[in-house]
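# Chains, contacts and geometry: an overview
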Amino acid sequence: MTVYQEIFEVLKARKEQFDKGEAPEKSYTCYLYSQGVDKICKKIGEEASETIIAAKNSDNDELKNEINDLLYHVMVLAVNQGLDWADVEKVLDERNEKIGNLKQFKTVDKNT
């Protein structure tokens, strides 16, 4: 099991706890579930922006942190929307099989 799968399982467990009304009092993940898809998506936008800023500042330590924050919030969204991590990975696997089979882009000369 990868670290992403392990984290995803924890997020699913938190969602089950939240749905049963048994959420740990200080769980940030359960707080996000309580706020719904709009709040989760807002956090994804914020983390994406922070990831971009860290990348442009060439601060790799900060970039690693921001990428992890972004992935965490994307995983929370996936759980909230009823997706399984295996489904997400399956799409990635399918895309990985297409490597080297990129569409040929046509060059258009707009001057003719």
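Worth saying up front: this structure is predicted, and the values here are computed from it rather than measured. (Residues numbered from 1 in each chain as written. Predicted model: local features only at pLDDT ≥ 70, side-chain atom pairs only at ≥ 80, totals over all residues. Heavy atoms only, no water.)

### Focus on the pattern of salt bridges
- Inspection of the entire model under this criterion finds 6 salt bridges.
- We note a salt bridge from Lys-43 to Glu-46, for which the minimum N-O separation is 3.1 Å. Taken as a pair, Lys-43 and Glu-46 lie in helix 3 (residues 37-56) at a separation of 3 residues, close to a single helical turn.
- Across the salt bridge formed by Lys-43 and Glu-47, the nearest N and O atoms sit 3.9 Å from each other. Placement of the pair is Lys-43 and Glu-47 together in helix 3, with a separation of 4 residues, close to one helical turn.
- In the salt-bridge network here, residues are joined through shared partners; they are Glu-9, Lys-12 and Asp-84. (Salt bridge = Lys/Arg side-chain N within 4 Å of Asp/Glu carboxyl O. Helix = DSSP H or I, 4+ residues; strand = E, 2+ residues; numbered from the N terminus.)

### A few points about a negative patch on the surface
- A contiguous patch of negative charge on the surface is contributed by Glu-50, Asp-59, Glu-62 and Asp-69.
- Positionally, Asp-69 belongs in helix 4 (residues 60-80).
- On the basis of relative accessibility, which here comes to 33%, the residue Asp-69 falls in the partly exposed class. (Patch = residues over 30% accessible without salt bridge, like charges linked within 9 Å, V, L, I, M, F, W, Y side chains within 5 Å. Areas by Shrake-Rupley, 256 points an atom, 1.4 Å probe, with all protein chains shown as cover. Lys, Arg positive; Asp, Glu negative; His and termini not counted. Charge placed at Lys NZ, Arg CZ, Asp CG, Glu CD. Buried < 20%, exposed > 50% of the residue type's maximum accessible area, 1.4 Å probe, protein only.)

### Considering a nonpolar patch on the surface
- There is a patch of nonpolar side chains on the surface, built from Val-3, Tyr-4 and Ile-7 and spanning about 250 Å² of accessible area.
- Here Ile-7 lies in helix 1 (residues 3-19).

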